[in-house]
Every structure is written in structure tokens, then in C-alpha cells.
Amino acid sequence: MTPLIESRALTIHRPGTTEPVLAQVDFRIRPAEIVTVVGPNGSGKSSLIRALLGHMPLASGAVTRRQGLRIGYVPQRVQLDTAIPMTVRRFLSLPVRVSDDQAEDALVRTGVPGLGARQLTQLSGGQFQRVLLARALLADPHLLVLDEPTQGLDQPGIVAFYQLIEEVRRQTGAAVLMVSHDLLVVMRSSDRVVCLNGHVCCEGTPQHVSTAPEYRALFGAGAEGTLALYQHRHDHDHDLTPHVHGPGCGHDHADRAQG
Amino acid sequence: MLDDFFMRAVLAGLGLALVAGPLGSFVVWRRMAYFGDSTAHAAILGVAMALAFEVSIYAGTLAVAVAMACLVSALVTRGQAMDTILGVLSHSALAVGLVAISFVPAARSDLSSYLFGDILAVGRADLVLIWTGAALVLAVLVLRWQRLVTSSLNEELAMAAGIDPRVERLVLSLALAVVVALAIRVVGSLLISAMLIVPAAAARTWARTPERMAAGAALIAAASVILGLWASLRLDTPAGPSIVTAAAIFFVVSQALRRA
């Protein structure tokens, strides 16, 4: 199957510098696949997404998107301004106008029926995420891209949201590419997990990744096999702590050692 | 009916109101109020240059306003804080304009007509220009409406839909420059931003969608023109400031009604 999006040796620099945010990332997502990108803050997760979508210039490498690929995108932290009045219904018609029936259908599918007349700024965090998802679905996408879709949701809200994503995939057959902090919940609903920290540390099935030493080095042993909420370890420094590669993690660090 | 100076003033004001409402809504949504100010203040420099080189006032203000709009857009991406850049440019443009105009003896005497407008002196040619320009800007806004609204709401969402937010920003900046040039006779360089922002802010109170806010702002701006001109005739007050005062009254009323 042709990948929907594929990157080869993708490298991105911090704007205005030659400091790499991401180095040599090979990535692909195939139709109907759920891929989750995990990694600590500043590991380049959002940059990877934006580069794959073509919103960010590459320093080197290449990104290929399948011809005619329709993407439904839910960006990280949509800052809403009270300055612009906007009902949910009107929002669903941006930038492509949809009929009232289509709009309500999408809201029903994402579990927030009847919200059409509400102002966007009056929605709860969970409702707003579902409205964003509804809007993304209206494009009838081949690929849904969700950047930290559950920020600001509580634990039951997070679980419910990922159940919804799985359901959407079942119904529409759309592939899903997510960035997430909610490690365990997200990993259970993924086909493949990519662990990122400036480069691809490890990738594979959720089981594989959760037992990989790189993953544990990044997220701590406590992240494995428990439902404890993930806490980022701010003292971890990937560059100063060379990690050991687990089986099947076939990348090397030569490029970094030289640089 | 066009023989009557008052009628011409009303028509000129309405032409401006029609476009100032929707464009002003974008100014409010995108927090470009100060941006409008700096473009408008630069218009004084345009007047000075137009008089010095003996070209049309509209051409002079348009050229300088466009240059200003481009300059601001370029500087903003350089990392200075937006409000600092605009604070520097807005007041420098006004000061330089006032200095420049002092070298043009012809303009010295009616400086205040450029600062506060001289709507009662609007002629037929002005009317044609104002309505043509307003229709042009309105047409651009209507044609690009979905794109403009999407990128005003959220640039990431716009980019995901294949819209380049930089293009939309440039379109709005240029539209703003055109409207500033049109408005210099009507309300003058100091009050143009008020004409853009005050009606839109008043309309925000009731509006539930961007379209209603834009339409409401146009209506309130139109009502302000009529009320302001009527008051200026009855009370012998300056026309431009009277129009803006009327808009300010609408704003206060809209806020008061909201509380109730």
C-alpha cells in the first residue's frame, strides 16, 4: 500500500538557527493505520506534524504526500479569541460551506449533537475538541491529524476521546496520526508508536515500544505496564545520557556524534 | 440632489460606512487597531507629498498608506513586539507628516481638514472615487470571505485547508490602505481608525456570527454618518468628529443594553 505521507531523512532546524529540532526522521503512515508520536516536551513532535503537513520548511530531507490526499487536522491548542463571534454551526462551514444536515451529522458522530447554535467560546474543553474533530471529519479525510487532542481534558474525558477516535477510524477507514502525552491510553489504541526525542528513538507496536529501553529511558520505568498518569521527567537529557538500543530498533547515532 | 453639499456629504459618508463596517470587523478580530492607526497617520505624510508633487491627494495617501502597510508587515516578522513597532511607526509617521506638511505653504492653512476630514467639501469626483474604491474593497472582501474569516480565526486551521495566512494578511493590509486613502476627506487621518473600530466594537455585542457582526458594523457606521452629519448641521460642530461621536454613542448604548 502506498503510504499516505512519507518522510525521508527529514531534518528541521529551529527557525533562524542551524540547531536541529529534528534530525534524519524516516516516517510513514499507511491507509487506516493509527500512528501515535510520543516524546517529551520539546522533542519535536509538533514540528514533525507541521513538517509532514507542509506548514514548515525542511532543512533537508523530503516529505511525500499521496496525490489528492485529504487531511482533517486538529491543531494543538486552538487559541480562541472572544473578539470574533462564531457559532459551532458557522465554524463547521469554515472554510468549506456544508449543509445543516452534514453539520449536524458530524456533531452526532463526535457525540456532541445539538451544539450548533452555541458560541465556540462557551464550549467546555471536551466539547470543543469534539467540535474540532467534527469539523475535521467534514472534509471526508483519508487522514486525521491530531496534535495533542486531549490537552486540558480529565482522565475519563481522555479515555472517551480515544474511544471516539477508534470508532471514527472503524466507521470511516481514515488513518489517524496523533501526537500525545497520554502515553498508556493512547498506546493501547495505536497500531504503531513512534517515540521521538529530536530523532526517532524507537518505533513499533505499543508492546514493543513500551518495553524498549529507549522508551523507558525517556519516560521512566514507571510508565511501563501501569495506568499511572504520565509525568515528564525534566531532568532527563537525551544528549548527555547515551541510551542503549533495544532489539529491532534499527537506527544509529552517527549523524549526531559527528555533528 | 448631488448639487447639495449636504447630500454629497451623506453619500460620501455612507460609501465609507459600507466598507468600514466589514473591514473594521477584521481589524477588531485580528487586533489590528494600532495597525490601522499607523497606516492612517502615515496618510498625513501622503497628503504632504501629494501637495508638494501636485498629484491627487488620494494617490498620495494611497501610496504612502500602502508603503506603510508593507513596512509594518515586514517589521512584524523581524521579532520586535508588534505594539512597539506600531507605536514607533504610528507616531513617527504622524510627526514626519506634520513636519513635511509645514514645508508646503498651501497645505498649512487647511491642515485641520486633513487631520479631521472635510466631508462638507466633498465634490462629485470625490464621490465617484469613494464609491468606486469602497465597492472594490467590498468585492475583494466578499470574494475572499471564507478564507479571510478562517485565517482570522486560526492560522493553523487555515494552513491545513491550504490557505496561506500571509496572503490574507496582505490582502487586509492593502484593503486597509485603500480605505484610509478614501476616508481622508471624510473623517480625516486622525479619526479613520475610529470609523473602523468603533462601529465594529458596537456590533460585536449582539453578533453571533462574523457575517452579522460585519453587517451590523456597516449599519451602525451608516447610522453614525447620518446622525453625525445631522448633528453637525444643527449644532454647527465639525462633521468628522461628530460622526465618530455618534458611533461612540452607539457603542456606549450597545454596552449598556448588554448589561441589562
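Residue numbers run consecutively from 1 along every chain, following the written order of its sequence. Following the order in which they are written, the chains are lettered starting with A and the ligands numbered starting with 1. Side-chain atom pairs in this predicted model are given and counted only at pLDDT of 80 or more, local residue features only at pLDDT of at least 70, and totals for whole chains, interfaces and linings cover all residues.

**A look at the nonpolar core**
Residues and elements named next belong to chain B. So the rule is basically this: One nonpolar core equals one set of buried Ala, Val, Leu, Ile, Met, Phe, Trp, Tyr and Cys residues connected by C-beta atoms within 7 Å. Our exposure labels follow a C-beta count within 10 Å of each residue's own C-beta, placed from the backbone: buried means 20 or more other C-beta atoms, exposed means 12 or fewer, and partly exposed covers the counts in between. Helix numbering and strand numbering both begin at the N terminus, where a helix is a DSSP run of H or I of at least 4 residues and a strand a DSSP run of E of at least 2. Distance between backbone-placed C-beta atoms decides contact: two residues are in contact if it is within 7 Å.
Core analysis: the biggest nonpolar cluster contains 168 residues, and Leu16, Leu23, Ala65, Val179, Val180 and Met195 have the highest contact counts within it. It is helix H1 (residues 5-29) that contributes the most residues to this core, 12 residues altogether. Ignoring any residue separated from it by four or fewer positions in sequence, one finds Val180 in contact with Thr39, Ala40, Ala43, Thr61, Ala65 and Ile192.

**Details of the sheet that holds strand E7 (residues 175-179) of chain A**
All names here are of chain A. The following threshold applies: Should DSSP find at least two bridges between two strands, the strands are regarded as paired. Think of each axis as a best-fit line through the C-alpha atoms, taken over the contacting stretch in the case of a helix, with angles from 0 to 180 degrees between the N-to-C directions.
One open sheet holds the 6 strands; their spatial order is E5-E6-E7-E3-E8-E9, and the pairing between them is mixed. The outermost strands of the open sheet, each flanked by one partner alone, are strand E5 (71-74) and strand E9 (200-204). The mean inter-strand angle of the sheet, taken between neighbouring strand axes irrespective of direction, is 15 degrees. Where strand E6 (residues 143-147) lies against E7, 5 bridges are found, and the strand directions are parallel. When the sheet's bridge partners are listed, Asp147 is paired in E7 with Val179. Helix H1 (residues 45-53) contacts strand E3 (34-38), E5, E6, E7 and strand E8 (192-196) of the sheet and is inclined by roughly 150 degrees relative to E6.

**What about the interface of chain B and chain A?**
Rule in force here: When residues are sorted by character, Ala, Val, Leu, Ile, Met, Phe, Trp, Tyr, Cys and Pro go into the nonpolar class, Asp, Glu, Lys and Arg into the charged class, and all the rest, Gly among them, into the polar class.
Opposite the 22 residues of chain B that make contact, chain A presents 15 residues. Every element with two or more residues in the side of chain B that touches chain A is listed here: H1, helix H8 (145-153), helix H9 (155-160) and helix H12 (210-235) of chain B. Counted by class, the side of chain B that touches chain A contains 12 nonpolar, 5 polar and 5 charged residues.

**Here's the deal with the sheet that holds strand E4 (residues 60-65) of chain A**
All names here are of chain A. Across the sheet, 3 strands lie side by side as E2-E1-E4; this open sheet has antiparallel pairing. Because the sheet does not close on itself, it has two edges, and the strands there are strand E2 (20-29) and E4. With direction set aside, neighbouring strand axes in the sheet form an average angle of 20 degrees. Contacts from H1 reach strand E1 (5-13), E2 and E4, with the element oriented near 120 degrees to E1.

**Comments concerning the packing of helix H2 (residues 33-52) of chain B against helix H11 (residues 192-204) of chain B**
In a pair of packed helices, the angle between the axes and the distance between the axes together describe the arrangement. Residues and elements named next belong to chain B. Quick reminder of the rule: Reported orientations rely on four angle classes, namely roughly parallel under 35 degrees, roughly antiparallel over 145, roughly perpendicular from 65 to 115, and oblique for the rest. When the near helix sits turned anticlockwise from the far one by under a right angle, the crossing is termed left-handed; a clockwise turn instead gives a right-handed crossing.
Taken N-terminus to C-terminus, the directions of H2 and H11 make an angle of 155 degrees; their axes are 8 Å apart at the nearest point. Classed by the angle they form, the pair H2 and H11 counts as roughly antiparallel. Crossing angle aside, the handedness with which H2 passes H11 is right-handed. The segment H2 lies against H11, with Ala33, Gly36, Asp37 and Ala40 engaging Ile192, Ser193, Leu196 and Ile197. Taken together, the residues of the contact of H2 with H11 sort by class into 5 nonpolar, 2 polar and 1 charged.

**Side note on helix H7 (residues 124-143) of chain B**
All names here are of chain B. Note the cut-off: By this rule the span expected of a helix is its residue count minus one, scaled by 1.5 Å. Throughout, the arc means the angular range of directions from the helix axis out to the C-beta atoms.
For H7, which comprises 20 residues, the first-to-last C-alpha distance of 28 Å matches the rise-based estimate of 28 Å (1.5 Å per residue) to within 8%. Taken together, the buried positions of H7 are Asp126, Ile130, Gly133, Ala134, Val137 and Leu141. All buried residues of H7 project into a common sector of 100 degrees when viewed along the axis, lining one side. Residues of H7 that are exposed and angled more than 90 degrees away from the buried face: Arg124, Ala125, Val128, Thr132, Ala139, Val142 and Leu143. Buried residues along H7 sit in contact with H1, H8 and helix H10 (165-183).

**Section: the environment of Val96 of chain A**
Residue position: Val96 of chain A is located in the loop between helix H2 (88-92) and helix H3 (100-109). A sequence separation of 39 residues divides Val96 of chain A from Arg135 of chain A, and the C-alpha atoms of the two residues are 9.9 Å apart.

**Considerations on the pairing of E8 of chain A**
Residue and element names in this part refer to chain A. Extensive coverage of E8 is indicated by the burial of 4 of its 5 residues. Note: E3 against E8, 4 bridges, orientation parallel. The residue of E8 that forms the bridge with Val38 is Cys195. Here E8 runs beside E9; their pairing, made up of 4 bridges, is antiparallel. Residue pairing in the sheet places Val193 in a bridge with Gly204 of E9. In textbook terms, the turn of a hairpin is the stretch between consecutive antiparallel strands, and for E8 and E9 this stretch comprises 3 residues, one of which, Gly198, has a positive phi near 80 degrees.

**Observations regarding the confidence of the model for chain B**
Residue and element names in this part refer to chain B. Selection rule: What pLDDT conveys is the predictor's confidence in a given residue, as a value from 0 to 100.
Of the residues in chain B, 96% have a pLDDT of 70 or more, and the chain-wide mean is 89. Looking across chain B, the model is least confident in helix H5 (residues 105-108), with a mean pLDDT of 73, and most confident in H12, with 96. This prediction of the complex comes with two scores: 0.84 for pTM and 0.86 for ipTM.

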